[in-house]
Every structure is written in C-alpha cells, then in structure tokens.
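# Structural description and commentary
Spelled out, the chains give:
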Amino acid sequence: MARTKRIVDEARQIDTAVELIQLGARLQVLEAATDMSYERLLRLYKEVAGKSPSKGQLPFSTDWFMTWQPNIHASLFLNIHEYLNKVAAMEEIDVVIKAYKLYMEQVGAQGIEPMLSITRAWRLVKFVDNGMLTLTKCSCCGGHFVTHPHEVARHFTCGLCNPPARAGKGRTAGALKRDAVAEESIDLRTELNADLQPDLQALAQTEALADDLDLADEALDIVHERVQVKKAQRERAALAATPSQPVRQIPVRKSATLEPTREDHALAAKYLAGLGRVRVDQRSA
Ligand SMILES: [Zn+2]
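The structure contained in this document is the topic of the report that follows. Bear in mind that the values here come from a model prediction, so they are computed numbers and not experimental data.

## Focus: the overall build of the protein
Looking only at helices and strands, the protein features 9 helices and 2 strands. Seen in sequence order, the protein has helices and strands lined up from the N terminus as α-α-α-α-α-α-α-β-β-α-α. Restricting the contact set of the protein to residue pairs at least 6 apart, pairs at least 24 apart contribute 53%.

## Quick word on helix α3 (residues 38-49)
Here α3 spans 16 Å end to end across 12 residues, near enough to the 16 Å set by a 1.5 Å rise per residue. Within two residues after α3, Gly-50 carries a phi angle of roughly 75°, on the positive side.

## Considerations on the pairing of strand β1 (residues 134-137)
Sheet topology places β1 next to strand β2 (residues 144-147); 4 bridges connect them, and they run antiparallel. Looking across to β2, one finds that Thr-136 is bridged to Phe-145.

## Some words on the nonpolar core
With 40 residues, the main nonpolar core has Leu-20, Phe-77, Val-96, Ala-121 and Leu-124 as its most contacted residues. Those elements that provide at least two residues to this core are α1 (2-22), α2 (27-33), α3, α5 (68-87), α6 (92-109), α7 (118-129) and β2. Among the elements that make up this core, the one with the highest residue count is α6 (8 residues). Summarising the domain contributions, this core has at least three residues from each of domain 1 (1-55) and domain 2 (59-232). Beyond its immediate stretch of four places on either side in the chain, Leu-124 contacts Phe-65, Ala-74, Phe-77, Leu-78 and Leu-133.

## Describing α5
Over its 20 residues, α5 runs 29 Å from end to end, which matches the ideal 28 Å to within 8%, given 1.5 Å per residue. Along α5, the residues classified as buried are Ile-72, His-73, Ala-74, Ser-75, Leu-76, Phe-77, Leu-78, Asn-79, Ile-80 and His-81.

## Here we look at the environment of His-150
Along the chain, His-150 falls in the loop between β2 and α8 (177-241). Considering only alpha carbons, one finds His-150 and Leu-133, 17 residues apart in sequence, at a separation of 9.1 Å.

## Re the packing of α5 against α7
The description of two helices packed together rests on the angle between their axes and the distance between the axes. Axis separation between α5 and α7 bottoms out at 11 Å; the angle between their running directions is 70°. Between α5 and α7, the angle is such that the two are roughly perpendicular. Regarding α5 and α7, the two cross each other, and that crossing is right-handed. Listed contacts from α7 to Ala-74, Phe-77, Leu-78 and His-81 of α5 are Ala-121, Leu-124, Val-125 and Val-128. Broken down by class, the residue content of the contact of α5 with α7 amounts to 7 nonpolar, 1 polar and no charged.

What counts and what doesn't
Residues numbered from 1 in each chain as written. Predicted model: local features only at pLDDT ≥ 70, side-chain atom pairs only at ≥ 80, totals over all residues. Helix = DSSP H or I, 4+ residues; strand = E, 2+ residues; numbered from the N terminus. Contact = placed C-beta atoms within 7 Å. Expected span 1.5 Å × (residues − 1). Pairing = 2+ DSSP bridges. Core = buried A, V, L, I, M, F, W, Y, C linked by C-beta atoms within 7 Å. Buried ≥ 20, exposed ≤ 12 C-beta atoms within 10 Å, placed from the backbone. Domains from an automatic or database assignment. Axes fitted to C-alpha atoms, helices over the stretch in contact; angles between N-to-C directions. Parallel < 35°, antiparallel > 145°, perpendicular 65-115°, else oblique. Left-handed = near helix turned anticlockwise from the far one by under 90°. Nonpolar A, V, L, I, M, F, W, Y, C, P; charged D, E, K, R; others polar.

What follows is the structure, encoded as structure tokens:
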C-alpha cells in the first residue's frame, strides 16, 4: 500500500513538474515543489521544454513587486491565489499553478502582456508565507495590493489610484482595477500611436515622393532620349561638315623632306575645324 501510494504520488509530482515546465518555471521552482531528484527534473525539463533550463539565481528581493506595473500584476495574481487558497483544498503548488493560469487568462482578456512569470508568482507566494510581503487594502479604491507588511492601511493608496507621473493621465479614483489596467493599456496605445503619427506622415510623403520620382524618372528618360537624338544629329551634321578623308588618309607625297605642302595644311585645318565643331557641340549638349 505504501509503495503504491509512492508511485501514485510520483506520477502526480511528474504531472505537476510538467505543468510548471510548460508554464516556463525555473528548475529551482520544480526542485522546491516536488521531491524529485535534480537529475530526473533536469531530464524531464529537457524532454518537455526541448532545451536546457536557464541558469542563475532566483530573484531574492521583494523590490520588483513594489514597482508600479509589476505590483498591479502581482496583486492581481495574489488576489486570485488567496481566494483559491481559501475555497479550494489543493496542494500548495497546485494553487500557485491554478492561480497563475487564471491570472494569465485575466491579463490575456485585457489584451495585456503578462508581466509576472510563474517563477515570480511562486516566489511571491513564498514571500507572503515568510511574512516579507502582504496584501494591503487601498484606502481609496478598496482593492488589495501587494505591499510590505508595515504598510499602514489607513494611508495606503494603490498604484492605480495614485499612479506615477509617467503612467498617463485621466485616471479616476475608485476605478475598478481591471478597468484601470485596461485604461492604462489604451493610454499607452494612444501615446504610441501619437508617437508614430509623424513617422506615418513622413512615410506617406515619401511614398508620394517616390511616385513623383517615378514620373520624374520617366520624364528624365524622355529628356535624355531627346538629348541623345539631338547629339547624334549634331554629330552627324558635324561629321558631314568635315572632309570625308581622315588625316591618315591624307596622301603622303613622296618628297625628299616629307614637309607638308600647303595643300596638306589646308586639309588638316579643315579636318581639325570639323573636330573642333564636334567637340564644341558635345560640350553644349
Ligand atoms: Zn486603489
């Protein structure tokens, strides 16, 4: 009986470990959440995730949970977790897994990227168990938020009721958490769109310019063609004006000195003049 129980227990632990790996948990979480050996967990991790687990220490500080957006995500998760913890008789780790899945559903429904990893969620529950973090009721909206235990509830205002200056404007006090988170997401998207507007306009202008450039290119081609035709005409005209016989064909008269005659000079001059005209025409074209 004891042996059967152990096998069943192990099967259940493998299920839990697989679930955690699929949710992206670090190996340290699996080690803490199950009785399985490091080697078996490592093998299981590689089998399920298809890669080695990332190395490095788990975050030991509570600071991350105190920063503005992570605090809202952590609070959402912890509220779900506390609720499940009260109403459902489940293993500790299973409450974390179930609460984490519900948290993912909630943020997913709002179109928000989850900021809280399963590892951090598990860590948060540990911090709460150790009394390092707790939930404190916001004096403004009544929602429960992750805080240090020494927070005075009477004076505590949550990050949604009292967002940091950079977080956007127009948030109304007492707004529901989820609405506020959604609103924040819309604010961010609006800001992003506003940021992108000049670029989009520039892009449209560039596209229009490109169309113009295409037309200009065509026009340029036509002009270029005309220039070529004109050039050819001028060259032909220039050549027509030159003597039909080039210099080397100037008949060399066999004389003792080989001094060019007056006729030679005249022919050469005529030829050079023709050449000059062609060159001048090319330059002016
Ligand atoms: Zn509040």
